[in-house]
Amino acid sequence: MRSLKITEDTDQKLETLKLLALKKYKLRMTKGTLVRYALRALAEKMELMLDPDKPANVES
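Residues numbered from 1 in each chain as written. Predicted model: local features only at pLDDT ≥ 70, side-chain atom pairs only at ≥ 80, totals over all residues. Heavy atoms only, no water.

> Got a sec to walk through helix H1 (residues 8-25)? Specific residues and values, please.
Here H1 is 18 residues long and its end C-alpha atoms lie 25 Å apart, about the 26 Å a rise of 1.5 Å per residue gives. Phi for lysine 26, located one or two positions after H1, is positive at around 60°. (Helix = DSSP H or I, 4+ residues; strand = E, 2+ residues; numbered from the N terminus. Expected span 1.5 Å × (residues − 1).)

Structure, rendered in structure tokens:
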């Protein structure tokens, strides 16, 4: 398992995102899940920037 060192400020932001996901979407997430989703979204956005003609990779 990988680990990330984060600042206290980042930790508070992740806690806020967890609460928002729970309140708005009724999703219970861990901080690791939030980070994985964010990294995946960033990677997809970067791919689209490099090749705008390629359709987005949509997972269901």
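> Explain the packing of H1 against helix H2 (residues 31-50) to me, using residue names and the numbers behind them.
Interhelical geometry of H1 versus H2 gives an angle of 90° and a closest axis separation of 10 Å. Judged on the interaxial angle alone, H2 and H1 are roughly perpendicular. On H2, the residues touching Asp11, Leu14, Glu15, Leu17 and Lys18 of H1 are Lys31, Leu34 and Val35. Here the contact of H1 with H2 is built from residues that sort into four nonpolar, no polar and four charged. (Axes fitted to C-alpha atoms, helices over the stretch in contact; angles between N-to-C directions. Parallel < 35°, antiparallel > 145°, perpendicular 65-115°, else oblique. Contact = heavy atoms within 4.5 Å. Nonpolar A, V, L, I, M, F, W, Y, C, P; charged D, E, K, R; others polar.)

> Give me a nonpolar patch on the surface: which residues, what numbers.
A cluster of nonpolar side chains, contributed by Leu39, Leu42 and Met46, occupies part of the molecular surface with about 300 Å² of accessible area. Its place among the elements puts methionine 46 in helix H2. Relative accessible area serves as the criterion here: at 49%, methionine 46 is assigned to the partly exposed category. (Patch = residues over 30% accessible without salt bridge, like charges linked within 9 Å, V, L, I, M, F, W, Y side chains within 5 Å. Areas by Shrake-Rupley, 256 points an atom, 1.4 Å probe, with all protein chains shown as cover. Salt bridge = Lys/Arg side-chain N within 4 Å of Asp/Glu carboxyl O. Buried < 20%, exposed > 50% of the residue type's maximum accessible area, 1.4 Å probe, protein only.)

> I'd love a proper account of the pattern of salt bridges, names of residues and values included.
Applying the stated criterion to the full structure yields four salt bridges. The salt bridge involving glutamate 15 is made with lysine 31; its shortest N-O contact spans 3.2 Å. Linking glutamate 15 in helix H1 with lysine 31 in helix H2, this pair joins segments that are 16 residues apart in sequence. Via salt bridges that share partners, Asp11, Glu15, Lys18 and Lys31 belong to a single interconnected network.

> Help me get a handle on the environment of leucine 34, residues and values and all.
Along the chain, the position of leucine 34 falls in helix H2. Looking at leucine 34, the relative accessible area reads 13%, which means it is buried. Sequence spacing of leucine 34 and leucine 14 is 20 residues, and the spatial spacing of their C-alpha atoms is 7.4 Å. Excluding residues that lie within four positions of it along the chain, leucine 34 makes contacts with Leu14, Leu17, Lys18 and Met29.

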